Amino acid sequence: MAFLKLFRKYGVFIILIALIIVFTIINPVFFSVNNAINLSKQVAIMGIMSVGMTLTLLTGGLDLSMGSIVSFECVTVSMYVTQMGIPAPLAMLMGIISGTIIGLINGILIAKVKVPALIMTLGMQIFLSGLTFTICGGLPVYGVPASLKFIAQKNLFGVLPLSALIMVVVLLIGAFILNKTYFGRYLYAVGSNEEATKLSGINTDKIRILAYTLCGAIVGIAGVVMLARVGSGQPAAGEGYETDVLAACVLGGISLKGGKGHVGKAFIGILIMGVLSNGMSIAGMGDFQQRMVKGLVLILAVVIDCMQYVKVRKKVKEITK
């Protein structure tokens, strides 16, 4: 019992350390400075996206359109610069704004029209994927200037990738919002008990719309970082990222039922997914096998979340008897 209590409290840290040890034993290259730098670049995009996913999960929703938004940003921002002659800084800002608008649309239809978050964001994912491939004709957009790639190419002090620094800044801002602002408290309140939150005079629809709008803006930032990393407007650049981020967040203790979790543990979940992907690649596992493992991790994370929820309901029933 003591072990189980310890695991529930520090389980994600135990899993992370165990994975690092296992992959280091399999291939010592895994535990090298160069690989650590590569790993930080790999998790930067997911780390940024995890903050947006956290905001939506806390309200009892989720966002499955994140990967398609990233792909859409990659293509449109690269086209702004290469085909329309728009300066790189303005093009990046336009990309973030378009992500914000997509998040706003998601939020309005989920909060006001009461479209289930799963259906709304899945529909947006499919729509954006088709739109992205239509815009670029299914072909990558090449000729992206160095001014758009510097985020992925620049290392501060020769060690810390700029993309990783952007991730840290976004994580800190997310942690500040959740821990130090009324908006953050309202997010937890909406996810924990929406009816009680309404009765206390809080506009829950507004909170939910703001959550999805902020999520869209954050994913817009991730899209710009992705473009810098791949160096061209790839129409499938963000494909599958939403499931990795969702798995990482739930693995990090953010409940699918809403109202529980924080950015710090979500980031540990991101590190677990990053270490898993990086370690499996170094170990020589193929893409199909990696997908199988990630799928199992997602199922495991959801099972753990559901088991904790069942336990809470049992305790509530015992108290109310």
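Above this text you will find the structure in question.
Keep in mind it's a predicted model, so treat the numbers as computed, not measured.

Let's shift gears to the overall build of the protein. Secondary structure assignment for the protein yields 13 helices and 2 strands. For 321 residues, the compact-globule estimate of 2.2 N^0.38 gives 20 Å, and the C-alpha radius of gyration of the protein, at 20 Å, lies within 12% of that figure. Each principal axis of the C-alpha atoms in the protein carries an extent, and together these give about 70 × 50 × 35 Å. Relative to its full complement of 321 residues, the protein shows a buried share of 48%. Looking at the protein alone, contacts between residues at least 24 apart form 78% of all its contacts between residues at least 6 apart.

Turning our attention to unusual backbone geometry. Of note in this structure, K114 is not a glycine but carries a positive phi near 65 degrees. Of note, K114 is situated in the loop between α4 (88-111) and α5 (117-136). On the basis of relative accessibility, which here comes to 48%, the residue K114 falls in the partly exposed class.

Our focus in this paragraph is the pattern of salt bridges. Counted by the stated rule, this structure contains 5 salt bridges. Its salt-bridge partner being D205, residue K112 comes within 3.8 Å of it at the nearest N-O pair. Here the residue K112 occupies a position in the loop between α4 and α5, and D205 occupies one in helix α10 (residues 204-230), the gap between them amounting to 93 residues. Judged by its relative accessible area of 15%, D205 is buried.

Axis separation between helix α3 (residues 66-82) and α5 bottoms out at 9 Å; the angle between their running directions is 25 degrees. As far as their axial angle goes, α5 and α3 are roughly parallel. α3 and α5 meet at a crossing whose hand is left-handed. Residue-level contacts link S68, I69, S71, F72, V75, T76 and M79 of α3 to Q125, L128, S129, L131, T132, I135 and C136 of α5. Its residues assigned to classes, the contact of α3 with α5 shows 8 nonpolar, 6 polar and no charged.

With that settled, consider the nonpolar core. Ranked by internal contacts, the top residues of the largest apolar core, which has 84 residues, are M49, M53, L148 and L187. For L148, the contacting residues outside a window of four places in its chain are V77, V81, A88, M92, L227 and A228.

The subject of this paragraph is the environment of M280. Mapped onto the fold, M280 is located in helix α12 (residues 263-282). Placed 254 residues apart in sequence, M280 and I26 show a C-alpha to C-alpha distance of 9.9 Å. If sequence neighbours within four positions are ignored, M280 has contacts with F23, V275, M285, Q290 and V293.

Take α3 next. Given 3.6 residues per turn, any residue in an α-helix points the same way as the ones three and four places further on. The end-to-end C-alpha distance of α3, which contains 17 residues, comes to 24 Å, matching closely the 24 Å that a straight helix rising 1.5 Å per residue would cover. Along α3, 16 of the 17 residues are buried, which leaves the element largely enclosed by surrounding structure.

What follows covers the environment of G269. Note on placement: G269 falls in helix α12. The buried category is assigned to G269, whose relative accessible area is 0%. Sequence separation of G269 and A164 is 105 residues, and the distance between their C-alpha atoms is 16 Å. Beyond its immediate sequence surroundings of up to four residues, G269 is in contact with A248 and G252.

What follows deals with the state of the cysteines. By definition, a disulfide links the sulfur atoms of two cysteines through a covalent bond. Under the counting rule described, the total for this entry stands at 0 disulfides. With no disulfide of its own, C74 lies closest to C136 among cysteine sulfurs, the gap being 11 Å. Using a relative accessible area of 0% as the deciding quantity, one classes C74 as buried. C249 takes part in no disulfide bond, and the closest cysteine sulfur, belonging to C215, lies 9.7 Å away. Owing to a relative accessible area of 0%, C249 belongs among the buried residues under this scheme.

A cluster of nonpolar side chains, L160, L165, V168, V169, L172 and I173, forms an exposed patch at the surface whose accessible area comes to about 480 Å². Top element by residues in the nonpolar patch is helix α7 (residues 162-180). It accounts for 5 residues. Residue class for L172 comes out exposed when judged on its relative accessible area of 57%.

Procedures and definitions
- Residues numbered from 1 in each chain as written.
- Predicted model: local features only at pLDDT ≥ 70, side-chain atom pairs only at ≥ 80, totals over all residues.
- Heavy atoms only, no water.
- Helix = DSSP H or I, 4+ residues; strand = E, 2+ residues; numbered from the N terminus.
- Rg over C-alpha atoms; globule rule 2.2 N^0.38 Å.
- Buried < 20%, exposed > 50% of the residue type's maximum accessible area, 1.4 Å probe, protein only.
- Contact = heavy atoms within 4.5 Å.
- Salt bridge = Lys/Arg side-chain N within 4 Å of Asp/Glu carboxyl O.
- Axes fitted to C-alpha atoms, helices over the stretch in contact; angles between N-to-C directions.
- Parallel < 35°, antiparallel > 145°, perpendicular 65-115°, else oblique.
- Left-handed = near helix turned anticlockwise from the far one by under 90°.
- Nonpolar A, V, L, I, M, F, W, Y, C, P; charged D, E, K, R; others polar.
- Core = buried A, V, L, I, M, F, W, Y, C linked by side-chain atoms within 4.5 Å.
- Expected span 1.5 Å × (residues − 1).
- Disulfide = S-S within 2.5 Å.
- Patch = residues over 30% accessible without salt bridge, like charges linked within 9 Å, V, L, I, M, F, W, Y side chains within 5 Å.
- Areas by Shrake-Rupley, 256 points an atom, 1.4 Å probe, with all protein chains shown as cover.

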